[in-house]
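# Structure at a glance
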Amino acid sequence: MDDADTELGEGWILIEEGFVSAVGAGDAPAADERTSLGGAVVTPGLVNTHHHLYQTLTRARAQQATLFEWLVELYPTWAGIDAEAEYAAARTGIAELLLSGCTTVFDHHYVFPRGRSGLVEAEVQAARELGARLVASRGSMDLGVSDGGLPPDELVEEIDAVLADTERLVSELHETGPGAVIQIAVAPCSPFSVTGRLMTESAELARRLGLQLHTHLAETVEEEGYCRELYGCTPVEYLDSLGWLDGDVWCAHCVHLAPPEIARFAATGTGVAHCPTSNLRLGAGVAPVRQLLDAGVRVGLGVDGSASNERSHLFGEVKQALLVARGRGGPQALTAREAIRLGTRGGAAVLGRGDLGSIAPGMCADLAVWPTDGLELAGAADPVAGLVFAGADRVDRLYVGGELVVQGGALVRADEREIATAQRAQAARFAP
Ligand SMILES: [Zn+2]
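This text gives an overview of the structure that appears in the document. (Residues numbered from 1 in each chain as written. Predicted model: local features only at pLDDT ≥ 70, side-chain atom pairs only at ≥ 80, totals over all residues. Heavy atoms only, no water.)

### A word on a negative patch on the surface
Taken together, the side chains of Glu 16, Glu 17, Asp 32 and Glu 33 define an acidic patch exposed on the protein surface. Taking the relative accessible area as the measure of exposure, Asp 32 reaches 85% and is therefore exposed. (Patch = residues over 30% accessible without salt bridge, like charges linked within 9 Å, V, L, I, M, F, W, Y side chains within 5 Å. Areas by Shrake-Rupley, 256 points an atom, 1.4 Å probe, with all protein chains shown as cover. Salt bridge = Lys/Arg side-chain N within 4 Å of Asp/Glu carboxyl O. Lys, Arg positive; Asp, Glu negative; His and termini not counted. Charge placed at Lys NZ, Arg CZ, Asp CG, Glu CD. Buried < 20%, exposed > 50% of the residue type's maximum accessible area, 1.4 Å probe, protein only.)

### Comments concerning the pairing of strand S10 (residues 271–274)
Neither face of S10 is left uncovered, since the one carrying Gly 271 and Ala 273 and the one carrying Val 272 and His 274 both have all their residues buried. Judged from the 3 bridges that link them, strand S9 (residues 249–253) and S10 form a sheet pairing that is parallel. Opposite Trp 250, over in S10, you have Gly 271 as the bridge partner. Handedness of the crossover is the feature at issue here: the chain leaves S9, passes through helix H8 (residues 259–268), returns alongside S10, and the resulting connection is right-handed. As defined by bridge partners, S10 adjoins strand S11 (residues 299–301) across 3 bridges and the pair is classed as parallel. Looking across to S11, one finds that Val 272 is bridged to Val 299. (Helix = DSSP H or I, 4+ residues; strand = E, 2+ residues; numbered from the N terminus. Pairing = 2+ DSSP bridges. Right-handed = clockwise from strand over helix to strand, strands pointing away.)

### As for helix H2 (residues 83–99)
For H2, spanning 17 residues, the distance from its first C-alpha to its last is 24 Å, which sits close to the expected 24 Å at 1.5 Å a residue. Burial analysis of H2 places 14 of its 17 residues in the buried class, the great majority of the element. (Expected span 1.5 Å × (residues − 1).)

### Describing the packing of helix H11 (residues 314–329) against helix H12 (residues 336–350)
Contact pair H11 / H12: the axes reach a minimum separation of 9 Å and the direction vectors enclose 130°. Relative to H12, the element H11 is oriented oblique. Between H11 and H12 lies a crossing of right-handed hand. Contacts between H11 and H12 pair Val 318, Ala 321 and Leu 322 from the former with Ala 336, Ala 339, Ile 340, Leu 342 and Gly 343 from the latter. Among the residues forming the contact of H11 with H12, the class breakdown is 7 nonpolar, 1 polar and no charged. (Axes fitted to C-alpha atoms, helices over the stretch in contact; angles between N-to-C directions. Parallel < 35°, antiparallel > 145°, perpendicular 65-115°, else oblique. Left-handed = near helix turned anticlockwise from the far one by under 90°. Contact = heavy atoms within 4.5 Å. Nonpolar A, V, L, I, M, F, W, Y, C, P; charged D, E, K, R; others polar.)

This is a description of form; function is not addressed.
Structure follows, in structure tokens:
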């Protein structure tokens, strides 16, 4: 996943101080420690560009709903979220992501019930304990149902409180520079749950503090209808009118884009988080990924929330991206290697991280080691393509900054059964 798409047979990777210092084929250089990965395929760690970790608590609900119906049904349940539940949910989602080859997790949290604190901090604690990189967002909603928005009034906040809490989290948690483990992004939820003023002031804050900026956009036909009725334009035109579209912005979904809007994304450098499984589950449609890539738009993959996916399996999205692109545009629409690129280098570009997404000198030593000796690849002529076509289930090993966080297909720092047990206990509090 370097600029030349290099693939090395019989390769080696030299890691120093959490970064890749050299890569090659043939005789390996001298090193203090050696690990043989004989027979495995090593890819860069995957980068997730859209998620709502808390939604692992409310899976398999609203099973036949459209996005708006699904949201309206689930908002009141989500209003019960607290730090304890968020911690259990984050551990669940991050554990699944790590086992599926993901080393960097973006989480879009936007539900902040009044009087509850420590929600973003709970995610950060879970990520640190399990060994993942985390880009957490201080999301927001301020357009309640009585003002024409979709969420209930008790789940919306005051603009000043949102912005002040974002600044607080940045000063306490946000790291900069190569190898950053914890970062904060600014992420008002969507055009139908956030006022134009909060959208604008969020962008101003992000740009003043040098943070990445994110929102949901153009996910369903209902959202387009909502924007046309309320704002007299499409969701993309609306966001553009607020001065949002730029190289520090990425938007989730972007299923419903007209050709001039794709060109506008390309011209402004705006990125896209493609979430194919969630889009299929909610019947939203299929994003025009081939057209976005041909136009030069940055595109990464996201699992989206686990109440609409229902897994946090990022390699599953690599396969899904391949299939939906081909369902839309035929078998030439996306290659297996392009699909892996979306999940690695593409995701890193979307998050504005030049230190992630490829295995090359100077990059973070975030590596996914895929076994090739299982049933699903037995007989595969090309193990790299085979991983995508078969839909690899689990990494054998996962390194984050050179540290081993998955070994032998199991978490190194936690027990997944214990995580699932704790999660079930928390989820029972949200039972229908
Ligand atoms: Zn989402």
